[in-house]
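Per-entry structural report
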Number of protein chains: 2
Amino acid sequence: MGITKSEHFTDEQNELATLAKAIGHPARIAIIQHLIKVNSCVCGDIVNELPLAQPTVSQHLKELKNAGLIKGNFEGASICYCLNEEGFEKIKGFFKNINDYLENKKNQCC
Amino acid sequence: MGITKSEHFTDEQNELATLAKAIGHPARIAIIQHLIKVNSCVCGDIVNELPLAQPTVSQHLKELKNAGLIKGNFEGASICYCLNEEGFEKIKGFFKNINDYLENKKNQCC
DNA sequence: TATTTATATTGCAATATTACGATAATAAAA
DNA sequence: TTTTATTATCGTAATATTGCAATATAAATA
């Protein structure tokens, strides 16, 4: 049905899924990587970096912003975007759990 | 168009996106969390855990398996699933970069 | 105020995802 | 070999995502 039964999962599960989903597109990975490289930049810079039209980039930025992974500040006529620590902090714990588990696991079937 | 222009991105970007996308659904988060809790289990156990029908769970397991995040071994009539270290290892570096960056960042616009 | 520049929104077509009933496939048990 | 148990696949409906042209909005500048 294309509709996720999110009401049947915990808030934590839904939140983690939303964050991972936002990261789950190569254009949005590229945007994150670019922001790490240049620290902060405006939408137009990303349009020049990526093989996508301006409305498409704007849409990807919106999704990253909604998920809490980036934030934007007005800077004259442009909007300056950079990573939002808060969003990444939320994912951190999840992957830490997994890594801790994988380092200590024993007696698995596979 | 609903079609991702993956040919315009690097292999690394596409691979990271595929992994994140696979994690980006609450049911698949729940499956991963369950596997951490019980170490390994069969599909039927997950069907009992989640509010989803068996074909739906099977489909989610397939996606996690295709992404390299879980693996399954035949164990009698059942299939025993557990986490696949390989997949998570690939994401680890990406988040490590982000966390290192966020810990040292300065002079941001926002 | 009119123009330019930068970004967002709308509308739409193409494609992908989610979910599940029905059914198939596979292997153990009777 | 038939039955039972377990998981996978098929088919399909509902919904979501991706991408972009066209357009709107907002702020700076002439």
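Further up the page is the structure itself.
In this report, we go over the structure that sits alongside the text. (Residues numbered from 1 in each chain as written. Chains lettered and ligands numbered in written order. Predicted model: local features only at pLDDT ≥ 70, side-chain atom pairs only at ≥ 80, totals over all residues. Heavy atoms only, no water.)

1. Points about the overall build of chain A
Where we set the bar: The secondary structure listing takes helices from DSSP runs of H or I that are at least 4 residues long and strands from runs of E that are at least 2 residues long, numbered from the N terminus. In this description the radius of gyration comes from C-alpha coordinates, and the expected globular size is given by 2.2 Å times residues to the power 0.38. Throughout this description, buried means an accessible area under 20% of the type-specific maximum (1.4 Å probe, protein chains only), exposed means over 50%, and partly exposed covers the range between. Contact criterion: two residues are considered in contact whenever any of their non-hydrogen atoms come within 4.5 Å of each other. The Shrake-Rupley method, run with a 1.4 Å probe, gives the accessible areas here. Residue values count only the displayed protein chains as cover. Charge assignment: positive for Lys and Arg, negative for Asp and Glu; neither His nor the chain ends contribute. One atom stands in for each charge, and that atom is NZ of Lys, CZ of Arg, CG of Asp or CD of Glu.
When its secondary structure is counted, chain A shows five helices and three strands. Each helix and strand of chain A, placed in order from N terminus to C terminus, yields the pattern α-α-β-α-α-β-β-α. Taking 13 Å as the expected radius of gyration for a compact globule of 110 residues, we find that chain A reaches 17 Å, considerably beyond that expectation. Counting only C-alpha atoms and orienting by the principal axes, one finds that chain A spans roughly 55 × 35 × 25 Å. A total of 110 residues make up chain A; the buried ones form 45% of that total. For chain A, restricting intrachain contacts to residue pairs at least 6 apart in sequence, the fraction spanning at least 24 positions comes to 49%. Total accessible area computed for chain A in this model is approximately 5,900 Å², and 48% of it derives from carbon and sulfur atoms. For chain A, the distance from the average site of its 12 positive side-chain charges to the average site of its 13 negative ones is 4 Å.

2. Considering the relation of the copies chain B and chain A
Note the threshold: Least squares is the method used to superpose the copies, on C-alpha atoms of residues holding a pLDDT of at least 70 in both.
Rotating chain B by 180° and moving it 0.0 Å along the rotation axis overlays it on chain A with an RMSD of 0.0 Å. On this basis, the relationship between the two copies can be described by a two-fold rotation axis. Looking at the interface residues of chain B, 100% of them are also at the interface in chain A, so both copies use one shared face.

3. Thoughts on the interface of chain B and chain A
What counts here: Summed over both partners, the accessible surface that disappears when two parts come together, traced with a 1.4 Å probe, is what is meant by buried area. Any carboxyl oxygen of Asp or Glu that lies within 4 Å of a side-chain nitrogen of Lys or Arg is treated as forming a salt bridge with it.
Each partner contributes residues to the interface: chain B has 51 residues there, and chain A has 51 residues. Taking both partners together, chain B and chain A bury about 4,500 Å²; carbon and sulfur atoms supply 69% of that area. Inspection of the region where chain B meets chain A yields four salt bridges. For the salt bridge of B:K92 with A:E103, the shortest nitrogen-to-oxygen distance reads 3.9 Å.

4. Some words on the sheet that holds strand β1 (residues 41-42) of chain A
Either a parallel or an antiparallel arrangement is found when strands of a sheet pair, and the pairing is made through backbone hydrogen bonds. All names here are of chain A. Applicable threshold: For two strands to count as paired, DSSP must find a minimum of two bridges between them. Here an angle of 0 to 180 degrees is reported between the N-to-C directions of two axes, which are lines fitted to C-alpha atoms, with helices fitted over the stretch in contact.
The antiparallel open sheet is built from three strands, whose spatial order is β1-β3-β2. Edge strands, defined here as strands with exactly one partner in the open sheet, are β1 and β2 (70-75). Inspection of the sheet shows β1 paired to strand β3 (residues 78-83) by two bridges, in the antiparallel sense. Note that in β3 the partner of C41 across the bridge is Y81. Each of β1, β2 and β3 is contacted by helix α2 (residues 26-38), which is oriented at about 95° to β3, the strand it contacts most.

5. Concerning the packing of aromatic side chains
Going by this rule: The criterion for an aromatic pair is that two Phe, Tyr or Trp rings (for Trp, the six-membered ring) have centres within 6.5 Å, with stacked assigned to planes under 30 degrees apart, edge-to-face to planes over 60 apart and tilted to the rest.
One pass over the full model with this rule turns up three aromatic pairs over all chains. Ring geometry for B:F94 versus B:F95: centroids 5.3 Å apart, planes at 70°, classification edge-to-face. In this structure, B:F94 and B:F95 share a single accessibility class: buried. Among the aromatic residues, ring-to-ring pairing joins A:F94, A:F95, B:F94 and B:F95 into one connected group.

6. What to know about the pairing of β3(A)
Residue and element names in this part refer to chain A. As paired elements, β2 and β3 share six bridges and run antiparallel to each other. Paired with F74 across the bridge in β3 is I79. Where β2 folds back on β3, the antiparallel hairpin that results is connected by two residues, among which G76 adopts a positive phi of roughly 70°.

7. So, the pattern of salt bridges
Counted according to the given criterion, the structure contains twelve salt bridges over all chains. A:E89 is the partner of A:K92 in a salt bridge, and the nearest nitrogen-oxygen pair spans 3.7 Å. In this pair, A:K92 and A:E89 both sit in helix α5 (residues 85-104), three residues apart, roughly one turn of the helix. By relative accessible area, A:E89 is classed as partly exposed at 42%. B:K90 is the salt-bridge partner of B:E15, the closest N and O atoms lying 3.1 Å from each other. In this pair, B:E15 is assigned in helix α1 (residues 11-23) and B:K90 in helix α5 (residues 85-104), connecting sequence segments 75 residues apart. B:E15 gets classed as partly exposed once you look at its relative accessible area, which sits at 38%. Taken together, the salt bridges that share partners define one network made up of A:E89, A:K92 and B:E103.

By themselves, these figures tell us nothing about what the structure is for.
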